[in-house]
Amino acid sequence: MTLLAASPGSSTDVLAVANMPLLWASALGVFLVIIVQTIIYMRAARRAGPDIGMSRDDLSVAFRSGAVAAIGPSVAVVIVALSLLALFGTPGVLVRIGLIGSVAYETGAASIATGAAGAELGGPDYTQTAFAIAFFAMSVGGAMWMLATLIFTPVLQRSEKKLTRVNPLLLTIVPGAALIAAFLSLGIAEVPKSVAHTTALLCGGAVMGLAAFLAVRLRRSWIREWGLGAAILLGLVAAYFADQAGLGLGIV
Amino acid sequence: MTTSPAPLTAMEQFGATTNRAGRLTMIAGLIVSLSGPLYLVLFADLGVTATALWTAFAAVAGTFFIIWLVEPVTYYPILGPAAMYQAFMIGNISNKLLPSAVVAQETLGVRAGTPKGSVTASMAICGAAVVHLVSLFIFVGVLGTWLLTLTPETVMDVVRSYVVPAVFGAVAVQAIISVRKLRPVLIALGVALVVQLVLVPAVAQLAFLATGICVIATIILTWVLRPRDRAKLENAAV
């Protein structure tokens, strides 16, 4: 192995690695696991239904209203996922953004991990190696949520009543503050990169805020669902023009 | 709705089945989802070092470990044990699964936390999962991959370079709106500005820990500066 430009993983053709067949197999494997789980759960619900006073119709209504309620959010997730294909490739986006995780945590984890590797997520130094580190960190981070669920669910089942005695501040305000701090910090870290980065950040934030305001004002909750996708797309459009005006990395 | 008391046996059986299957499928999902990235870092010869992975993981854990611990505890009362194993594998809990479960519970007039509430939440999440899997597979898996081949290189470069700040801007505002409390927002904003624009430029080695530092400092300050009087506290918890 040499330290020349040909050293492994120094190519910035991230998608060549991100769309490898094995990653596709792993992504489709997660689809399969969720399908199996869904089938087992539906059968279990059908068996339990009559004895707890839920008819087949009730169960169908539950299934259907869950499905219908998911249409808007699912399409919204699709748009967000499409905008991240260039960073993580299709299999990575399917599993990390579409399934297990969410755009916020996964992009956050990827940005922090590439930063730890001395690169910038999506920057000129975002190499195949940087992608591998980011994808690994996102996946292990997601695994931590699953692990916490596996450990805590049985514990909570046994101690449900005790939970109500925990200081409510601990369960609401503290994690809320942690989330705000994480994403404000990640966002502000984008500011020194260029004016175009700052434009994308501010435009994304402004559109999201506007969507939330309109959703409340016009009493249309679907506006909120679409807010994230719209914010990302309009943030990108704003960044495109800022870049064109010579305020960014000089791509356009 | 009928109001017959729920015999424990049926619900116990539902609980046992979903517990066993839920845990097994979640462990399977965990392993399968890790197999891809593990292969990449172990066998794909990309020059990834163990040190780089540990550093990256430590930086991510520093930021999110509180959320890893708190989120399952927060969602448990609404979802119930069965739906927990669904929710944390299907993902997008707060923006998709939770609304689906709540809408179904409202439609049927059942309460969260009751046997009917739990079964309803599980069925609703099954419905949401089907819609979600199909739309992801078609629009991202198939059409998205095709779209990538059509997109001009310039547009791809713009997206790659600027999608990250666009996401963080939107998500930060989303987090602020969901908390709806001025105090933690001001604390977090002050801390983030100081850390990212004063501390990081001064001590460049801290850059990758910066967000972790922000999170921990904000949590400590929010706790220390919390409203002390009882009425305000209850108000704050709503």
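The rules we used
Residues numbered from 1 in each chain as written. Chains lettered and ligands numbered in written order. Predicted model: local features only at pLDDT ≥ 70, side-chain atom pairs only at ≥ 80, totals over all residues. Heavy atoms only, no water. Helix = DSSP H or I, 4+ residues; strand = E, 2+ residues; numbered from the N terminus. Buried < 20%, exposed > 50% of the residue type's maximum accessible area, 1.4 Å probe, protein only. Contact = heavy atoms within 4.5 Å. Areas by Shrake-Rupley, 256 points an atom, 1.4 Å probe, with all protein chains shown as cover. Lys, Arg positive; Asp, Glu negative; His and termini not counted. Charge placed at Lys NZ, Arg CZ, Asp CG, Glu CD. Buried area = accessible area lost by both parts, 1.4 Å probe. Salt bridge = Lys/Arg side-chain N within 4 Å of Asp/Glu carboxyl O. pLDDT = per-residue confidence, 0-100. UniProt positions renumbered as here; feature names shortened; annotations may be inferred. 1 Å grid on protein atoms, 1.4 Å probe; cavity = no way out; pocket = protein on both sides within 12 Å on 5 of 7 lines; lining within 4 Å. Points joined across faces, edges and corners; volume = space filled by probe spheres on them. Nonpolar A, V, L, I, M, F, W, Y, C, P; charged D, E, K, R; others polar. Domains from an automatic or database assignment. Patch = residues over 30% accessible without salt bridge, like charges linked within 9 Å, V, L, I, M, F, W, Y side chains within 5 Å. Expected span 1.5 Å × (residues − 1). Core = buried A, V, L, I, M, F, W, Y, C linked by side-chain atoms within 4.5 Å.

Engineer: Give me the overall build of chain A: which residues, what numbers.
Structural biologist: Tallying secondary structure elements over chain A gives 11 helices and 0 strands in all. Listing every helix and strand of chain A by position from the N terminus yields α-α-α-α-α-α-α-α-α-α-α. The dimensions of chain A, computed from C-alpha atoms along their principal axes, are 70 × 50 × 35 Å. Looking at chain A residue by residue over its 252 residues, the buried ones come to 59%.

Engineer: Let's hear about the overall build of chain B: which residues, and what values?
Structural biologist: In terms of regular secondary structure, chain B is built from 8 helices and 0 strands. Reading chain B from its N end, one meets helices and strands in the order α-α-α-α-α-α-α-α. In terms of overall dimensions, chain B has C-alpha extents of about 65 × 55 × 35 Å along its principal axes. Going through the 238 residues of chain B one by one, you find that 51% of them count as buried. A sequence separation of at least 24 residues applies to 56% of the contacts in chain B between residues at least 6 apart. Surface exposure of chain B reaches about 10500 Å², of which carbon and sulfur atoms provide 71%. For chain B, the centre of its 13 positive side-chain charges and the centre of its 8 negative side-chain charges are spaced 12 Å apart.

Engineer: Provide a residue-level description of the interface of chain A and chain B, including the pertinent values.
Structural biologist: Listed as interface residues are 150 residues of chain A and, on the opposing side, 143 residues of chain B. Together, the buried faces of chain A and chain B total about 13000 Å²; carbon and sulfur atoms form 81% of this surface. It is Tyr41, Ile52 and Leu150 of chain A that lose the most area in chain A upon contact with chain B, and together they represent 6% of the buried surface on that side. In this assembly, chain A and chain B are joined by 0 salt bridges.

Engineer: Residues and numbers for the confidence of the model for chain B, please.
Structural biologist: Note that predicted coordinates carrying low pLDDT should not be read in detail. Looking at chain B, pLDDT values average 85 and 92% of them are 70 or higher. For chain B, per-element mean pLDDT is lowest for helix α8 (residues 230-237) of chain B, which scores 52, and highest for helix α6 (residues 182-202) of chain B, which scores 92.

Engineer: Give me the lowdown on the UniProt feature "transmembrane region" (unreviewed entry) in chain B, citing residues and values where you can.
Structural biologist: UniProt's entry tags residues 21-42, 48-70, 121-147, 159-177, 184-200 and 206-225 of chain B with the feature "transmembrane region" (unreviewed entry), counted in the numbering of this structure. Span residues 184-200 of chain B is 100% helix and 0% strand, its end C-alpha atoms 22 Å apart.

Engineer: Give me the lowdown on empty space enclosed by the protein, citing residues and values where you can.
Structural biologist: Enumeration over the complete set of coordinates arrives at 4 cavities of 30 Å³ or more. The computed volume of the largest cavity comes to approximately 50 Å³. Counting residues per element, the ones that place at least two in the lining of the largest cavity are α2 (21-48), α4 (85-98) and α6 (128-158) of chain A together with α1 (8-43) of chain B. Classifying every residue of the lining of the largest cavity by side-chain character gives 6 nonpolar, 4 polar and 1 charged.

Engineer: I'd like a rundown of the domain arrangement of chain A, residues and numbers included.
Structural biologist: You'll often see interface size given as the accessible area lost when the parts meet. Residue and element names in this part refer to chain A. Assigned domains within chain A: domain 1 (13-158) and domain 2 (190-252). With centres defined by C-alpha atoms, the gap from domain 1 to domain 2 works out at 24 Å. Contact with domain 1, which involves 9 residues of that partner, is made by 8 residues of domain 2. Summing both partners gives a buried area of about 800 Å² for domain 1 against domain 2, and 78% of it is carried by carbon and sulfur.

Engineer: An account of the UniProt feature "transmembrane region" (unreviewed entry) in chain A is needed here, citing residue identities and associated values.
Structural biologist: Residue and element names in this part refer to chain A. Under the feature "transmembrane region" (unreviewed entry), the UniProt entry names residues 20-40, 61-88, 130-156, 168-189, 195-216 and 223-242. Helix makes up 95% of residues 20-40 and strand 0%, with an end-to-end C-alpha separation of 31 Å. Taken end to end, residues 130-156 comprises 100% helix and 0% strand; its first and last C-alpha atoms sit 38 Å apart.

Engineer: How would you summarise the side chain of arginine 96 of chain A if you had to cite specific residues and measurements?
Structural biologist: Checked against the element boundaries, arginine 96 of chain A lands in helix α4. What arginine 96 of chain A contacts, discounting residues up to four positions off in sequence, is Gly101, Ser102, Glu106, Phe135, Met138, Ser139 and Gly142 of chain A together with Ser33 of chain B.

Engineer: Can you tell me about the environment of arginine 180 of chain B, naming the residues and giving the values?
Structural biologist: Structurally, the position occupied by arginine 180 of chain B is in the loop between α5 (153-179) and α6. Spatially, the C-alpha atoms of arginine 180 of chain B and glycine 113 of chain B are 26 Å apart, while their sequence positions differ by 67 residues.

Engineer: Describe in detail a nonpolar patch on the surface, supporting the description with residues and values.
Structural biologist: A cluster of nonpolar side chains, contributed by Leu28 of chain A together with Val130, Val134, Phe137, Ile138, Phe139, Val142, Leu143, Trp146, Leu147 and Leu150 of chain B, occupies part of the molecular surface with about 960 Å² of accessible area. Broken down by element, the nonpolar patch gets its largest block of residues, 10 residues, from helix α4 (residues 115-150) of chain B. Looking at the element boundaries, isoleucine 138 of chain B is found in helix α4. Classification of isoleucine 138 of chain B by relative accessible area gives partly exposed; the value is 39%.

Engineer: Mind laying out helix α5 (residues 103-116) of chain A, listing which residues take part and the relevant values?
Structural biologist: Think of an α-helix as turning once every 3.6 residues; residues three or four places apart then point the same way. Residues and elements named next belong to chain A. Between its first and last C-alpha atoms α5 spans 20 Å; for 14 residues at 1.5 Å apiece the expected length is 20 Å, and the two agree. Burial within α5 is extensive, with 13 of its 14 residues counted as buried. The first or second residue beyond α5 is glycine 118, which carries a positive phi of 80°.

Engineer: Please give an account of unusual backbone geometry that cites residues and values.
Structural biologist: For arginine 219 of chain A, which is not a glycine, the phi torsion comes out positive at approximately 55°. You can see arginine 219 of chain A is positioned in the loop between α10 (195-217) and α11 (221-244). For aspartate 45 of chain B, which is not a glycine, the phi torsion comes out positive at approximately 55°. Tracing the backbone through its elements, the reader meets aspartate 45 of chain B in the loop between α1 and α2 (50-90). Among the residues examined, aspartate 45 of chain B registers a relative accessible area of 56% and is labelled exposed.

Engineer: Tell me what's going on with the nonpolar core, and back it up with residues and numbers.
Structural biologist: Leu84, Phe88, Phe131 and Phe183 of chain A together with Leu40, Phe64 and Val163 of chain B are the most contacted members of the largest nonpolar core, which has 160 residues in total. For this core, the leading source of residues is α2 of chain B, giving 24 residues. Residues from two domains meet in this core; each of domain 1 (13-158) and domain 2 (190-252) of chain A gives at least three.

Engineer: With reference to specific residues and values, describe the environment of phenylalanine 64 of chain B.
Structural biologist: Residues and elements named next belong to chain B. Checked against the element boundaries, phenylalanine 64 lands in helix α2. A relative accessible area of 1% places phenylalanine 64 in the buried class. A sequence separation of 42 residues divides phenylalanine 64 from glycine 22, and the C-alpha atoms of the two residues are 24 Å apart.

Engineer: How would you summarise the confidence of the model for chain A if you had to cite specific residues and measurements?
Structural biologist: This prediction gives chain A a mean pLDDT of 87; 92% of its residues lie at or above 70. Per-element confidence in chain A ranges from a low mean pLDDT of 59 for helix α7 (residues 160-163) of chain A to a high of 95 for α10 of chain A.

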